[in-house]
Amino acid sequence: MAYFALFQSCIIKRPFNLFHRKNLYLRFSEVERNFGNKVTWDKPFDMHFRKFIEQANQAVFSNGKGNKCFNCDIFDVEGHFDLVYIDTPYISGKGMGTDYLGFYHFLEGLVNYDNWQQMIDVKTKHKRLKGNTTTWTDKKLIYSAFDKLFNKFKDSILVVSYRADGIPTIEELINLLKKYKQDVREIERKKYKYALSTNHSEEALIIGK
Ligand SMILES: C[S@@+](CC[C@H](N)C(=O)[O-])C[C@H]1O[C@@H](n2cnc3c(N)ncnc32)[C@H](O)[C@@H]1O
């Protein structure tokens, strides 16, 4: 929970929503500043930290059942489940994958503090983290990744959420699900917008029974 609160505080305070060494000068120069999340940026860490701890505490409740949480690759999860909800990283219509390692670069280092040095690809200009291409970020591999995932959990009810403007398309996901499930339907579609972004998008929810 401490990591959660610290990381959320770091994320919310980033100027221009980016972890970028080039933005460090903003912190130190005596100039008038103005950017989208400036008010949040001005608030000290401990204020954000306490707010996020509060949020985390509110998310902890008992549903009266035994619950398990795994931190591993989805293909390493074992067991049988009534329902599997799938919310994979998203590849845009232009083929751009969601590079979580890149987005959260600094936090990945912080949480892997002892290995941080070895994780950095020093040959790259922006000191990228090594190994940031996965089956879920490559438009050539994502189809077979979904296929393998649906196959793995084919005995469960499958619920998939995905952006309506992505690769694969919702229609392609529905067809792929039909390989394993008899009754496949899109049950919900919702418009939304990320904070500080001007792009509107839609998220679709598909169920396969
Ligand atoms: C769109 S997010 C899901 C967000 C989540 N539903 C939530 O509300 O917080 C996709 C998640 O998949 C995780 N992920 C990426 N590759 C994975 C893999 N091979 N196995 C398990 N999880 C993976 C990412 O770390 C990321 O947290």
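In this text the structure is predicted, and so the values were computed from the model without any measurement.

## Regarding the environment of Asp183
(1) Moving on: Residue placement: Asp183 occurs in the loop between helix 9 (170-178) and strand 5 (184-193).
(2) Moving on: Put simply, Asp183 and Ile207 are 24 residues apart on the chain and 8.0 Å apart in space, counted from C-alpha to C-alpha.

## Points about the pairing of strand 6 (residues 200-208)
(1) Moving on: As paired strands, strand 3 (residues 157-163) and strand 6 are joined by six bridges and run antiparallel to one another. Its bridge partner being in strand 6, Val160 is matched across the sheet by Ile206.
(2) Moving on: The sheet contact formed by strand 5 and strand 6 spans nine bridges and is antiparallel. Its bridge partner being in strand 6, Arg189 is matched across the sheet by Ala204.

## Digging into unusual backbone geometry
(1) Moving on: Note that the residue after Ile167, namely Pro168, is joined by a cis bond; omega there is -5°.
(2) Moving on: For Pro168, the position within the fold is in the loop between strand 4 (166-167) and helix 9.
(3) Moving on: With a phi close to 50°, Lys127 is a non-glycine residue in the positive phi region.
(4) Moving on: Structurally, Lys127 can be placed in the loop between helix 7 (116-119) and helix 8 (142-152).
(5) Moving on: When the 12 C-beta atoms within 10 Å are taken as the criterion, Lys127 is described as exposed.

## Notes on the site of the ligand
(1) Moving on: Taken together, the residues surrounding the ligand are Asp73, Ile74, Asp87, Thr88, Pro89, Tyr100, Thr134 and Trp136.
(2) Moving on: Looking at side-chain class alone, the shell around the ligand contains four nonpolar, two polar and two charged residues.

## Concerning the nonpolar core
(1) Moving on: Grouped together as the largest cluster of nonpolar side chains are 15 residues, with contacts concentrated most on Phe146, Phe150, Leu173, Leu177 and Ile206.
(2) Moving on: Mapped by element, the contributors of at least two residues to this core are helix 8, strand 3, helix 9 and strand 6.
(3) Moving on: Excluding residues that lie within four positions of it along the chain, Phe150 makes contacts with Leu158, Leu176, Leu177, Lys179 and Tyr180.

## Focus on the domain arrangement of the protein chain
(1) Moving on: The assigned domain composition of the protein chain is domain 1 (2-59) and domain 2 (74-98 + 136-208).
(2) Moving on: Spacing between the C-alpha centres of domain 1 and domain 2 amounts to 31 Å.

Conventions adopted
- Residues numbered from 1 in each chain as written.
- Predicted model: local features only at pLDDT ≥ 70, side-chain atom pairs only at ≥ 80, totals over all residues.
- Helix = DSSP H or I, 4+ residues; strand = E, 2+ residues; numbered from the N terminus.
- Pairing = 2+ DSSP bridges.
- Buried ≥ 20, exposed ≤ 12 C-beta atoms within 10 Å, placed from the backbone.
- Near = placed C-beta within 6 Å.
- Nonpolar A, V, L, I, M, F, W, Y, C, P; charged D, E, K, R; others polar.
- Core = buried A, V, L, I, M, F, W, Y, C linked by C-beta atoms within 7 Å.
- Contact = placed C-beta atoms within 7 Å.
- Domains from an automatic or database assignment.

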